[in-house]
Amino acid sequence: MKRIAAVLILLIVTVGTLFFAYESESEEQRDGFTAYRLIAHAMGSIRDQPYTNAYEAMIANYEKGTRVFEIDFMLTSDRKAVARHEWTANMSKMLGQDEELSEDKQAGALTHDEFMDTPILGMYQPMDADGIIDVLAEYPDMYIVTDTKEQKDEDIQQVLRSLVDAAKEHDPSVLDRVVVQIYNEPMLETVKEVYAFPSIIYTLYATQDTEDQVVHFVQKNDIDAVTMPEYKVNQNFVAKLNSAGSVTYVHTINDTEQVANYEKWGVYGVYSDVLTEQELDEMNTHFAWKP
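Residues numbered from 1 in each chain as written. Predicted model: local features only at pLDDT ≥ 70, side-chain atom pairs only at ≥ 80, totals over all residues. Heavy atoms only, no water.

1. Some thoughts on the overall build of the chain
Of regular secondary structure, the chain possesses eleven helices and nine strands. Within the span of the chain, comprising 291 residues, buried residues form 49% of the whole. Sequence-distant contacts, at least 24 apart, represent 59% of the contacts inside the chain between residues at least 6 apart. Taken as a whole, the chain presents about 14,400 Å² of accessible surface, with 50% of it coming from carbon and sulfur. (Helix = DSSP H or I, 4+ residues; strand = E, 2+ residues; numbered from the N terminus. Buried < 20%, exposed > 50% of the residue type's maximum accessible area, 1.4 Å probe, protein only. Contact = heavy atoms within 4.5 Å. Areas by Shrake-Rupley, 256 points an atom, 1.4 Å probe, with all protein chains shown as cover.)

This is how it looks when you write it as structure tokens:
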């Protein structure tokens, strides 16, 4: 009986040590945008409406504790960078702009003035590069993640150049909090031709590269983070990316139970329409039991 008791005590101590070690590793102090596990998708929802990319959505979710905001970027017809997911009639309808825009304007790129003068859902303020940089300057603990929806290299560079130019006019230091999302390996060089942004996220939904190719690229180029859709997530891949020095995010997740399940696989964080950084902190899913 004493032998059994001793074995049980040893087992409890061993398991407790492993839990403590893993928790310590999971709670490793990080800086920059990777200090946060939640990235608000399209600035996060406001009143249950996603994809607004609106000023009010950004501020409302900031006030709930979120600090990292993914923003969709498109070019207007006069080549100004604005926060917009796509130039389609469906998007105009989703954003409540179909009644404010003439039919010929609903499915195509607006001019910068037209975009800025057309409220979202009749009440929310559209954002351009200047406005976004102003917000970053006002909130020194806020980060943005660029989701450049343009496809051509010159258009991608125009979007990024708009942010750089706006920052140089207002506060160049905010560029340290602009995280550029790339979609393939060559895009990294396209980005570097514009500016040496200090933080990069590699998103995998568009790439056909193998897992090993992604891991090699991440390690070689010191990529801060990798984000992927749910169908690309597996525990072995996540472990390899973590070993290569990159944290992993999954998109787009709107349920805390899913967050907890992915966390068990070693996933660090998520993009979400509705969750907030505070909610993820309150989950306390990092091995709540302690010896």
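2. Quick look at the environment of M43
Counting through the fold element by element, M43 comes out in the loop between strand 1 (38–40) and helix 2 (55–63). As for M43 and N53, which are separated by ten residues in sequence, their C-alpha atoms are 5.3 Å apart.

3. Describing the pairing of strand 7 (residues 225–229)
Counting buried positions along strand 7 yields five of five residues, so the element is predominantly enclosed. Alternating residues of strand 7 divide into A225, T227 and P229 and V226 and M228, and every residue in both groups is buried. As paired strands, strand 6 (residues 199–203) and strand 7 are joined by three bridges and run parallel to one another. Pairing of T203 across the sheet is with T227, part of strand 7. Remark: the strand 6/helix 8 (residues 211–221)/strand 7 crossover connection has right-handed handedness. Where strand 7 lies against strand 8 (residues 247–251), five bridges are found, and the strand directions are parallel. (Pairing = 2+ DSSP bridges. Right-handed = clockwise from strand over helix to strand, strands pointing away.)

4. Digging into the nonpolar core
Among the nonpolar cores identified, the biggest contains 69 residues, and M58, I182 and Y202 are the most heavily contacted of them. For this core, the element with the most residues is helix 6 (residues 153–170), which contributes seven residues. Filtering out sequence-adjacent residues up to four positions away, M58 remains in contact with M43, F69, I71, M127, V135, M142 and I144. Counting residues in hydrophobic clusters, the runner-up holds twelve residues, among them Y143, V145, V179 and A225. (Core = buried A, V, L, I, M, F, W, Y, C linked by side-chain atoms within 4.5 Å.)

5. Brief notes about helix 7 (residues 185–192)
An α-helix turns once every 3.6 residues. As a result, residues three or four positions apart point the same way. All buried positions along helix 7 are accounted for by M187, L188, T190 and V191. All buried residues of helix 7 fall inside an arc of 165 degrees around its axis, so they share one side. Buried positions along helix 7 lie against strand 4 (143–148), helix 6, strand 5 (178–182), strand 6 and helix 8. (Arc of directions from axis to C-beta.)

6. Looking at the pattern of salt bridges
Across all of its chains, the model carries eight salt bridges by this definition. In this structure, K149 and D72 form a salt bridge, with 4.0 Å as the shortest nitrogen-oxygen distance. With K149 in the loop between strand 4 and helix 6 and D72 in strand 2 (residues 68–75), the pair connects residues that are 77 residues apart, well separated along the chain. Note on D72: relative accessible area 0%, which makes it buried. Among the salt bridges present, the one from K149 reaches D147, with a minimum N-O distance of 2.9 Å. Ionic contacts of the salt-bridge type, sharing partners, join the residues D72, D147 and K149 into one network. (Salt bridge = Lys/Arg side-chain N within 4 Å of Asp/Glu carboxyl O.)

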